[in-house]
Amino acid sequence: MNDNPRAEIGQTNDAELVKRLLIENYGYAPELLYEIRGRYHKVYAWKPCSLEIRGPDRNGVYFGRVESDGIRLSIEGSFLVGPKATKNVVELDDGRAKRYLAGESVEIDDKDLHGWVIVKWRSYYLGSAKAKEGRLINYVPKERRLKLEDPTKA
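Residues numbered from 1 in each chain as written. Predicted model: local features only at pLDDT ≥ 70, side-chain atom pairs only at ≥ 80, totals over all residues. Heavy atoms only, no water.

Colleague: Please explain the nonpolar core as it appears in this structure.
Modeller: Grouped together as the largest cluster of nonpolar side chains are 21 residues, with contacts concentrated most on L22, Y26, Y34 and F63. Only α1 (14–26), β1 (33–37), β2 (42–46), β3 (61–67), β4 (70–73) and β7 (115–121) provide two or more residues apiece to this core. It is α1 that provides the largest number of residues to this core, a total of 6 residues. Setting aside its immediate chain neighbours within four residues, F63 contacts L22, L32, Y34, V43, Y44, A45, L73, S74, G77, L80 and V81. Listed in part, the 14 residues of the second largest apolar core include L92, A97, A131 and V140. (Core = buried A, V, L, I, M, F, W, Y, C linked by side-chain atoms within 4.5 Å. Buried < 20%, exposed > 50% of the residue type's maximum accessible area, 1.4 Å probe, protein only. Helix = DSSP H or I, 4+ residues; strand = E, 2+ residues; numbered from the N terminus. Contact = heavy atoms within 4.5 Å.)

Right, here's the structure in full:
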């Protein structure tokens with residue numbers, strides 16, 4: 001096994017690589033079909049279906065991205081993996097969840113946690129973040145961020 005999973009793309013079956021990364025990092029991999037596409041190593045996932053749909057030959061929903069140090073899940077990917085994940089799930093309180101969804105990096109109590117984590121608030125999965133030195137580095141796309149009111153203008 002290589003330290004950089006991106007080096008395995010094209011050498012290993014996409015589904016096998018994604019499942020292995022999910023199990024290593026989160027302890028669970030949903031039974032889906034996975035495909036890695038493009039130069040940004042985006043992962044798309046779907047369930048096989050007998051319904052024949054004509055159109056672009058692109059299957060699946062954007063699930064995440066293979067990074068040089070693991071797999072970063074999209075918001076949708078975190079919803080699919082999060083409920084059965086057995087490790088690397090960080091739960092935020094109301095205030096930190098709101099700031100996280102607004103695009104801020106937030107402090108966490110576990111200073112020893114490093115790498116990709118699933119971010120959870122109550123029963124919702126908010127996506128994934130990079131845990132580093134007691135902080136969650138934010139990866140919420142700009143177009144999906146909350147707009148917080150500026151308390152100085154109230």
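Colleague: Please clarify how unusual backbone geometry should be interpreted in this entry.
Modeller: Apart from glycine, the bulk of residues carry a negative phi angle, and the bulk of peptide bonds sit in the trans form. Positive phi, normally seen in glycine, also occurs at H41, with a value near 55°. Take H41: it is sitting in the loop between β1 and β2. H41 sits in the buried class, given a relative accessible area of 18%. Residues other than glycine seldom take positive phi values, yet E133 does so here, at roughly 50°. Note that E133 resides in the loop between β8 (124–132) and β9 (135–137). Residue classification places E133 among the exposed positions, given a relative accessible area of 60%.

Colleague: Where do I start with the packing of aromatic side chains in this structure?
Modeller: Each aromatic ring pair is specified by the distance between its two centres and by the angle formed by the two planes. The tally for this structure, following the rule as stated, stands at 5 aromatic pairs. Considering the side-chain rings of W121 and Y124, the 5.7 Å spacing of their centres and the 20° angle between planes classify their relative orientation as stacked. Given the relative accessible area of 21%, W121 is considered partly exposed. The aromatic ring of Y62 is capped on one face by K42, whose charged end is 5.4 Å from the ring centroid. (Phe/Tyr/Trp six-rings, centres within 6.5 Å; stacked < 30°, edge-to-face > 60°. Lys NZ or Arg CZ within 6 Å of the ring centre and 35° of its normal.)

Colleague: Sorry if this is basic, but what is going on with the sheet that holds β1 here?
Modeller: Backbone-to-backbone hydrogen bonds pair the strands of a sheet. The strands run either parallel or antiparallel. Taken in spatial order, the 4 strands line up as β1-β2-β3-β4 in an open sheet, and their pairing is antiparallel. One side of each edge strand has no neighbouring strand; the edge strands of this open sheet are β1 and β4. When strand polarity is set aside, the average angle formed by the axes of neighbouring strands in this sheet is 30°. The pairing of β1 with β2 spans 5 bridges and is classified as antiparallel. Its bridge partner being in β2, Y34 is matched across the sheet by A45. Where α1 meets the sheet, its contacts fall on β1, β2, β3 and β4, and the angle it forms with β1 comes to roughly 100°. (Pairing = 2+ DSSP bridges. Axes fitted to C-alpha atoms, helices over the stretch in contact; angles between N-to-C directions.)

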